[in-house]
Number of protein chains: 2
Amino acid sequence: MADRARRPTLADVARLAGTSTAVVSYVLNDGPRAVAPQTKAKVEQAIAELGYRRNPLASALMAGRSNLVGLLVPDSSNAFFSELAREFEREGKARGFLTLIGNTAYDPAVELDYERAFADLRPRGIFVTSITGDAESLDGCPRIYVHSAPAGASDPCVLFDDVGGGIAATRHLIGQGYEDIHCIAGPDDFGPSGKRERGWQKAMSEAGLTTEGRLHRVSFERLGAENALRPLLAKPGRPRAIFATTDEQALAALRAAAEARLTVPKDIAIVGFDGIREALNGSSRLTTFALPLAELARRAFEVLDGWNAADNPSHIIAGALQRGETS
Amino acid sequence: MADRARRPTLADVARLAGTSTAVVSYVLNDGPRAVAPQTKAKVEQAIAELGYRRNPLASALMAGRSNLVGLLVPDSSNAFFSELAREFEREGKARGFLTLIGNTAYDPAVELDYERAFADLRPRGIFVTSITGDAESLDGCPRIYVHSAPAGASDPCVLFDDVGGGIAATRHLIGQGYEDIHCIAGPDDFGPSGKRERGWQKAMSEAGLTTEGRLHRVSFERLGAENALRPLLAKPGRPRAIFATTDEQALAALRAAAEARLTVPKDIAIVGFDGIREALNGSSRLTTFALPLAELARRAFEVLDGWNAADNPSHIIAGALQRGETS
DNA sequence: CTGTTAGCGCTTTCAA
DNA sequence: TTGAAAGCGCTAACAG
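Per an unreviewed UniProt entry, chain A goes by LacI family DNA-binding transcriptional regulator and derives from Taklimakanibacter albus.

This is how it looks when you write it as C-alpha cells:
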C-alpha cells in the first residue's frame, strides 16, 4: 500500500532520468533552455513511469501567480449569473485556468472580503460583477469588472450596452403602438438595471411620452417582484405595456398578469432583458433583450491576456432584441 | 508609488517587530508555541502597520494542503446544480474555504481531468456529483460523492433518498385516484434519475398497476424533453398522470400540456422531483419532491471534517413532497 | 547542453 | 520564550 499522500516530485523524476531538476523543469516548461532530444526522452519516460504531476502550488509560489481565476457574482443561483458563471468557467478552462467562484450576496463587505481572499492566491485575475461603489487596489492582481462596474472604476470593464438595450426594448414597444409603457426596475438606480431604466426614459421622452408615475421599483427576486406587481396589474388603470429591466422581473410580471386573468400580449405586453434560458425557452417565450454571455467571457479573458500595468481597454458589448410571444 | 505587486512578507513583519519569523508565525497561527504578550503585541502592531496578509500558496506548499475545496457538477447553469453549488459555496465560505467550480458537461473524461487538476492544488477535499462509472484514486485527496455516485463507490457518499422519493411521489398520485401514471425519466437508468424511476416502478407494482409502456426516456434538458413529450400528450391515449424524475422535465411536461390545451391537474396531473426554485415559485407551482440542498452541503462538509484515512461514513438524506397546483 | 544552487514565503524543528 | 535554519517543490540564474 502506497504512502497515502506521497506524490513524486521533480527531484524524483530527475533521479530516475539520471539528470538534474533544472533539466526536468526545462522539459516540463519547454524552456527557457533547450534540452537534448535524448535527455528529453529519458525525462519524459521517467515522468510517465512515475505518473508525475507538477505541484501548481510550488510553481505559483515561485512565479508569484497561480493558474486560478476568480469570479465574483451577487448570486450564482440566480439564472442570469449562473449562466454567466458557466461561460466564464468554460472559457477559463479552455485557457488552462481553474475558476474560483464567490457569491457576494449583494453585500459590498463580502465582495471586498472575497476580492482579498482570491487575490491572496495570486490568481491570473479576478472578474467582478460589482455591486460596490468603489474599490481598493488588489496589490497587482488584475481586476476586471464584468457586466456591472462601480461608477468611476479605474479597472477595465467589459459591459453590455444597457442604455442602448433599454432604448431598443422601449422603442420596440412604442413601435407596436403602445404609449402607456411602464418600467419595472430594480430597488435603486445603480448598476445595469439603472442604465436600462435610463434607456427607457430616453426612448420615452424622444417619443414625447411621459414616464411620470410609470416607474416601479421592485425586488430583483421573483417572489418579491411578483408580490409588488400584483396590485399594479389588478387595478383598473393598469399598464398596457411593461418593460422589465431583468427577465426575472419580466417573468414575475408574466405571472402577476396571469393571476389577474390578463392575456399576454393582448391585454398587456411584456418585454424583458437578459435573455436567460427560462425567458427564451420557458413556458412562455418572452420578448427580451438578449445578452451574449459567451462573448462577455471571451472579451474579459482577452483583456486579461493583454494585461498591461498602466492601462487596459474597456469594452461595451451589444445585445439584440429577441421577439417572443409576449409583445 | 509602491512597487506594483510587492506585498509584505513574514520577514518584513519580523524585521519591523524586531523579532524572528518563527515568532510571527506563532502569533499568526496562535501556536504551536506560546509567545510573550509583549512580543505578541509588537507583532500584531507590525502586521497592522504593514497591512500584512499571509500568502496561502506558501502555507499550502508547506502544509501539503490548501484552503480550497473543489466542486464538480455536470452543468452549473442547470437550475438544480446551480442551487446546489450555491449551497456548497456558502457552506464552504462559512468554514473558511474557497470553492473551485468545474463543469463536467456529463463527460467522464472531463470529470477525471478536473478531479486531477483540482487534486493537484492539494484542496481540503473534492465534492463530486459523479456521472462516471468508476474512479481512480486522488493520491490522498479526499473525494466525497454528493447527490450522485458511481455504483460501487469506495469513497463516501452523501445522497438523497431517490428511490424513497420516487415511491412517495408515485404513491401521492395513486392516492389521488390515478392509475395511468407515466414516468418521465432520463436518457438511461443511471444515477439519481434511475433510482427515482425504480421508486415509481416499486410503488406501481405494489399497487398492482402496470408500468408497461408507461416509461419514457427523454433528455434532462428543457427543450429536448418538451419536444419528446409533445407527441405523447397530443395523442388520444395520453397519460392521465405524470411522474417526472426531475423538475426540469416536469416543467417541460407542463409546457407540452399547455400546448396540447390540457388543463393541469384536471386533464393531467404532474409531479416533479428536486424542488428547484422555478418549480416551487414559478408561473405554475409544481407538486414536487423537494430536496434539502443546504443539508446536503452541510453533511458533505461534516464528512470532510471527520475525514479518516481508513473509512468514512456515507449518508442518505430524506426529502419531502411539496404539494403545488399540478396534482 | 547540463548541473548546482539560491531562492519564492511559510512552518517547525532544534538549540539556545 | 525566542532565534536560526532546514525544508515544502519548483524555477531560473549562473557556471560549467
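**Q** Give me the lowdown on the protein's contact with DNA strand C, citing residues and values where you can.
**A** Around DNA strand C sit 27 residues, and of these Thr19(A), Thr39(A), Leu10(B), Tyr52(B) and Arg54(B) come closest. Within 4 Å of the protein, the contacting atoms of DNA strand C are 62% sugar and phosphate, with bases supplying the remainder. Ser20(A) places a main-chain nitrogen or oxygen 3.0 Å from a phosphate oxygen of DNA strand C. Here a phosphate oxygen of DNA strand C and a backbone polar atom of Ala36(A) are 2.7 Å apart. Secondary structure elements with two or more residues in the surface near DNA strand C: α2 (21-29) and α4 (56-63) of chain A together with α2 (21-29) and α4 (56-63) of chain B. Looking at the surface near DNA strand C residue by residue, the classes come out as 15 nonpolar, 10 polar and 2 charged.

**Q** If you had to explain the nonpolar core to someone new, which residues and values would you point to?
**A** Counting residues in each nonpolar core, the largest one holds 120 residues, and the members touching the most others are Phe88(A), Phe127(A), Leu296(A), Phe88(B), Phe127(B) and Leu296(B). Setting aside anything within four residues of it in sequence, one finds Phe88(A) in contact with Leu71(A), Thr99(A), Phe127(A), Val146(A), Leu296(A), Ala297(A), Ala300(A) and Phe301(A). Grouped together as the second largest cluster of nonpolar side chains are 36 residues, Ala60(A), Cys157(A), Leu121(B) and Cys157(B) included.

**Q** Explain the side chain of Glu197(A) to me, using residue names and the numbers behind them.
**A** Residues and elements named next belong to chain A. Considering the arrangement of structural elements, one finds Glu 197 in helix α8 (residues 191-206). Within polar-contact distance, the side chain of Glu 197 engages the side chain of Arg 217 at 2.7 Å. For Glu 197, the residues in contact, after removing those within four places along its chain, are Cys 183, Ala 185, Asp 188, Asp 189, Leu 215, Arg 217 and Thr 245.

**Q** How would you sum up the protein's contact with DNA strand D? Please name residues and give values.
**A** Around DNA strand D lies a shell of 27 residues, among which Leu10(A), Tyr52(A), Arg54(A), Thr19(B) and Thr39(B) are the nearest. Residue Ser25(A) places a side-chain N or O atom 3.3 Å away from a phosphate oxygen belonging to DNA strand D. Here a phosphate oxygen of DNA strand D and a backbone polar atom of Asn55(A) are 3.2 Å apart. Looking at the surface near DNA strand D, the elements that each hand over two or more residues are α2 and α4 of chain A together with α2 and α4 of chain B. Grouping the constituent residues of the surface near DNA strand D by class yields 15 nonpolar, 10 polar and 2 charged.

**Q** Give a description of the domain arrangement of chain A that names residues and reports values.
**A** When the domains of chain A are assigned, the result is domain 1 (2-54), domain 2 (67-161 + 293-318) and domain 3 (162-290). Put simply, the middle of domain 1 of chain A and the middle of domain 2 of chain A, counted by C-alpha atoms, are 36 Å apart.

**Q** Help me get a handle on the interface of chain A and chain B, residues and values and all.
**A** Counting residues at the interface gives 57 residues for chain A, matched by 57 residues for chain B. Around 5200 Å² of area is buried between chain A and chain B when both sides are counted, 51% of it from carbon and sulfur atoms. The interface formed by chain A and chain B includes 9 salt bridges. One salt bridge in this structure joins Arg86(A) and Asp75(B), with 2.8 Å as the shortest N-O distance. Inspection of the chain A/chain B interface yields 19 residue pairs in polar contact (both at pLDDT 80 or more). Those elements that provide at least two residues to the side of chain A that touches chain B are α4, α5 (79-94), β2 (98-103), α6 (108-120), α9 (222-234) and α11 (277-281) of chain A. Considering every element that reaches the side of chain A that touches chain B, the biggest residue donor is α6(A), with 8 residues. Looking at the side of chain A that touches chain B, its residues break down into 22 nonpolar, 14 polar and 21 charged. Strand direction decides the pairing type here: β2(A) and strand β2 (residues 98-103) of chain B, joined by 3 bridges, are antiparallel. Paired with Leu100(A) across the two strands is Leu100(B), which belongs to β2(B).

**Q** Now, about unusual backbone geometry: what can you tell me, with residues and values included?
**A** Note: most residues except glycine have negative phi, and most peptide bonds are trans. Omega for the bond connecting Val264(A) with Pro265(A) falls within 30 degrees of zero, at 5°, which places this linkage in the cis form. With respect to the element layout, Pro265(A) can be found in the loop between α10 (247-259) and β9 (269-274). Although it is not a glycine, Asp139(B) sits at a positive phi angle of roughly 50°. Relative to the helices and strands, Asp139(B) is located in the loop between β3 (125-128) and β4 (143-146). Residue classification places Asp139(B) among the partly exposed residues on the basis of a relative accessible area of 39%.

**Q** An account of the pattern of salt bridges is needed here, citing residue identities and associated values.
**A** Taken as a whole, this structure holds 57 salt bridges over all chains when the rule is applied. Among the salt bridges present, the one from Glu91(A) reaches Arg95(A), with a minimum N-O distance of 2.9 Å. Glu91(A) sits in the buried class, given a relative accessible area of 9%. Note that Arg299(B) and Glu295(B) form a salt bridge whose closest N and O atoms lie 2.8 Å from each other. Note that Arg299(B) and Glu295(B) are positioned in helix α12 (residues 293-305) at a spacing of 4 residues, about one turn of the helix.

**Q** Go over the sheet that holds strand β10 (residues 287-290) of chain A with me, naming the residues and quoting the values.
**A** All names here are of chain A. Ordered by their spatial adjacency, 6 strands build an open sheet running β7-β6-β8-β9-β10-β12, and the pairing between neighbours is mixed. Edge strands, defined here as strands with exactly one partner in the open sheet, are β7 (215-217) and β12 (320-322). The average undirected angle you get between the axes of adjacent strands in this sheet is 20°. The sheet contact formed by β10 and β12 spans 3 bridges and is antiparallel. Note that in β12 the partner of Ala 290 across the bridge is Ala 320. The strands that α10 touches are β6 (181-185), β8 (241-244), β9 and β10; relative to β9, the one it contacts most, it runs at about 155°.

About the cut-offs
Residues numbered from 1 in each chain as written. Chains lettered and ligands numbered in written order. Predicted model: local features only at pLDDT ≥ 70, side-chain atom pairs only at ≥ 80, totals over all residues. Heavy atoms only, no water. Near = heavy atom within 4 Å. Polar contact = N/O pair within 3.5 Å; in protein donor to acceptor, adjacent residues only side chain to side chain. Helix = DSSP H or I, 4+ residues; strand = E, 2+ residues; numbered from the N terminus. Nonpolar A, V, L, I, M, F, W, Y, C, P; charged D, E, K, R; others polar. Core = buried A, V, L, I, M, F, W, Y, C linked by side-chain atoms within 4.5 Å. Buried < 20%, exposed > 50% of the residue type's maximum accessible area, 1.4 Å probe, protein only. Contact = heavy atoms within 4.5 Å. Domains from an automatic or database assignment. Buried area = accessible area lost by both parts, 1.4 Å probe. Salt bridge = Lys/Arg side-chain N within 4 Å of Asp/Glu carboxyl O. Pairing = 2+ DSSP bridges. Axes fitted to C-alpha atoms, helices over the stretch in contact; angles between N-to-C directions.

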